[in-house]
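Observations on chain architecture
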Amino acid sequence: MTTVGILGGGQLARMMALSGAPLGLRFLVMDTVADACAGQFAPLIVGDWRDEGALAEFASKVDVATFDFENVPAESAQWLSQRVPVFPSPGALAVAQDRLAEKTLFRELGIPVPDFADITSRADLDNAIARLGTPCILKTRRLGYDGKGQFRIKTAADAAAAWDALGAQATTVGLILEGFVAFERELSVVAVRGRDGEFRTWPLTENWHVDGVLSASLAPAKADAALAAVAFAHARTLAEALDYVGVFALELFCRDGVLLANELAPRVHNSGHWTIEGSETSQFQNHLRAVLGLPLGDTRMVGTACMLNWIGVMPEANAVLSEAGGHWHDYGKEPRAGRKVGHATLRADASHELAATLHRVGAALGRAAQVAPAVEALRNR
Ligand code: AMP
């Protein structure tokens, strides 16, 4: 009996455990909070990531360890990797945890990125704003996610406010200034690389964010073969450079037909949740197969799929459950503003069918605005 240890016990760990059940796997989850929602399906160790006692207990009970949360301190991952195999490697995790290291690597590998600058002082910020121009975005290098730890600078006069908001973090987590990309679309590549180097991607996904948080994902994204090939090549280059094992997402901005890399998420990703019902093998199961050295599953799509995120509170389920291709995911979390509490995936064989389903679901749930961009994208095919 193989036990997979997961650092972080949120919805990603929960869906990983659910997808691993048919493989006969057992799971052990470690999280800093006792009500971590993966704990409803797997034994949970509650402890701080830096608590070596808790980590040692975790290590003694698992055959392999992985993450549902990329901000586990790199030193904790390193410590663990001396006791049990850890995938992705602590080195890959460390790069993905730091927006500056990540963008520097992208650039070294020939993957285009938005302009960026390392910011260590107020003077750096003023100089970088002059160089990059406005608008631009000041971000924390570490520990930011879902638009948190970001300040949008519209004109140079906003520099003082940006520094007031984030300047204190220049010496703790570090800061990076990025040019604002007036993108037409946000796309992501969800990909998997096995222990033996086998590499696969799911079809390109188009994503829409609200307030920096993912709202909807549509797959496959409308993209010509050449654009998709570039996106997949970037993902492969990155995975090979990092000797990456497991699933990851590469978030891309598309502007004038050019792809700019925003971020590498070193784990299963929200923009890949549609793969549970929309693909031959889900991102969750392929992640497990990769970290266990099992053959990777087929990443082919089954028709077309759209994922809608539920933020804050769960809506009424019946509007989705009553649809032929409607799939409901309630993460079993307490409602809280801004919190990802669940998602739905709507799947159909043809684009026009999916557009009609989304329209119905949006109307029934009073969420016409959330489904509108995906409906429009589907109608433009
Ligand atoms: P991030 O946490 O970096 O993934 O940012 C969250 C969201 O903010 C992204 O998905 C974009 O919608 C937006 N965003 C982040 N960086 C930029 C940028 N340099 N230019 C334009 N939009 C951005």
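Residues numbered from 1 in each chain as written. Predicted model: local features only at pLDDT ≥ 70, side-chain atom pairs only at ≥ 80, totals over all residues. Heavy atoms only, no water.

1. Quick word on the site of the ligand
- As a structural note, the neighbourhood of the ligand is formed by 18 residues, with Arg99, Lys139, Gln150, Val181 and Glu186 the closest of them.
- At 3.2 Å from a nitrogen atom of the ligand is found a side-chain nitrogen or oxygen belonging to Glu178.
- A distance of 3.0 Å is found between an oxygen atom of the ligand and a side-chain nitrogen or oxygen belonging to Glu263.
- About the coverage of the ligand: the protein hides 96% of its 470 Å² of free accessible area.
- Mapped by element, the contributors of at least two residues to the shell around the ligand are strand 6 (136-140), strand 7 (150-153), strand 8 (175-179), strand 13 (246-255) and strand 14 (258-265).
- Residues belonging to the shell around the ligand are distributed by class as follows: 5 nonpolar, 6 polar and 7 charged.
- Composition of the shell around the ligand by domain shows at least three residues from each of domain 2 (115-179) and domain 3 (185-379). (Near = heavy atom within 4 Å. Polar contact = N/O pair within 3.5 Å; in protein donor to acceptor, adjacent residues only side chain to side chain. Areas by Shrake-Rupley, 256 points an atom, 1.4 Å probe, with all protein chains shown as cover. Helix = DSSP H or I, 4+ residues; strand = E, 2+ residues; numbered from the N terminus. Nonpolar A, V, L, I, M, F, W, Y, C, P; charged D, E, K, R; others polar. Domains from an automatic or database assignment.)

2. A short note on the pairing of strand 14
- Taken across its 8 residues, strand 14 has 7 buried, putting it largely inside the fold.
- In this structure, strand 13 lies alongside strand 14, joined through 7 bridges in antiparallel fashion. Within strand 14, the position partnered with Cys254 by the bridge is Leu259. (Buried < 20%, exposed > 50% of the residue type's maximum accessible area, 1.4 Å probe, protein only. Pairing = 2+ DSSP bridges.)

3. Quick notes on the pairing of strand 1 (residues 3-7)
- Burial analysis of strand 1 places 5 of its 5 residues in the buried class, the great majority of the element.
- Neither face of strand 1 is left uncovered, since the one carrying Thr3, Gly5 and Leu7 and the one carrying Val4 and Ile6 both have all their residues buried.
- Sheet topology places strand 1 next to strand 2 (residues 26-31); 5 bridges connect them, and they run parallel. Residue Val4 lies in a different strand from strand 2, and its bridge partner there is Phe27.

4. Description of the packing of helix 6 (residues 122-132) against helix 7 (residues 159-166)
- Contact geometry for helix 6 and helix 7: axes closest at 11 Å, N-to-C directions at 135 degrees. It follows that helix 6 is oblique to helix 7 by the angle criterion. Remark: the crossing between helix 6 and helix 7 carries right-handed chirality. Two secondary-structure elements touch here, helix 6 through Arg122, Leu125, Asp126 and Ile129 and helix 7 through Ala159, Ala160 and Trp163. (Axes fitted to C-alpha atoms, helices over the stretch in contact; angles between N-to-C directions. Parallel < 35°, antiparallel > 145°, perpendicular 65-115°, else oblique. Left-handed = near helix turned anticlockwise from the far one by under 90°. Contact = heavy atoms within 4.5 Å.)

5. Quick look at the environment of Leu166
- One can find Leu166 in helix 7.
- Separated by 28 residues in sequence, Leu166 and Leu138 place their C-alpha atoms 8.0 Å apart.
- Setting aside residues no more than four positions away along its own chain, Leu166 makes contact with Leu138, Thr140, Gly149, Gln150, Phe151 and Leu175.

6. Some thoughts on the pattern of salt bridges
- All told, the structure shown has 17 salt bridges when counted by the stated rule.
- Its salt-bridge partner being Arg50, residue Glu75 comes within 2.8 Å of it at the nearest N-O pair. Pair noted here: Glu75 is in helix 3 (residues 74-81) and Arg50 is in the loop between strand 3 (44-46) and helix 2 (52-61), with a separation of 25 residues, a long-range link. Across the pair, exposure class does not vary: Glu75 and Arg50 are exposed alike.
- A salt bridge links Glu70 to Arg267; the nearest nitrogen and oxygen atoms lie 2.5 Å apart. Placement of Glu70 in the loop between strand 4 (64-67) and helix 3 and of Arg267 in the loop between strand 14 and helix 9 (275-278) is noted, with a sequence separation of 197 residues between them. (Salt bridge = Lys/Arg side-chain N within 4 Å of Asp/Glu carboxyl O.)

7. What about the packing of aromatic side chains?
- Under the counting rule described, the total for this entry stands at 4 aromatic pairs.
- Their ring planes at 10 degrees and their centres at 4.9 Å tell us that Phe183 and Phe253 sit as a pair that is stacked. You can see Phe183 sitting in the loop between strand 8 and strand 9 (185-193) and its partner Phe253 sitting in strand 13, a full 70 residues away along the chain.
- Residue class for Phe183 comes out partly exposed when judged on its relative accessible area of 32%.
- If you follow Arg83 out to its NZ or CZ, it ends over the ring of Trp79, 3.6 Å from the centre. (Phe/Tyr/Trp six-rings, centres within 6.5 Å; stacked < 30°, edge-to-face > 60°. Lys NZ or Arg CZ within 6 Å of the ring centre and 35° of its normal.)

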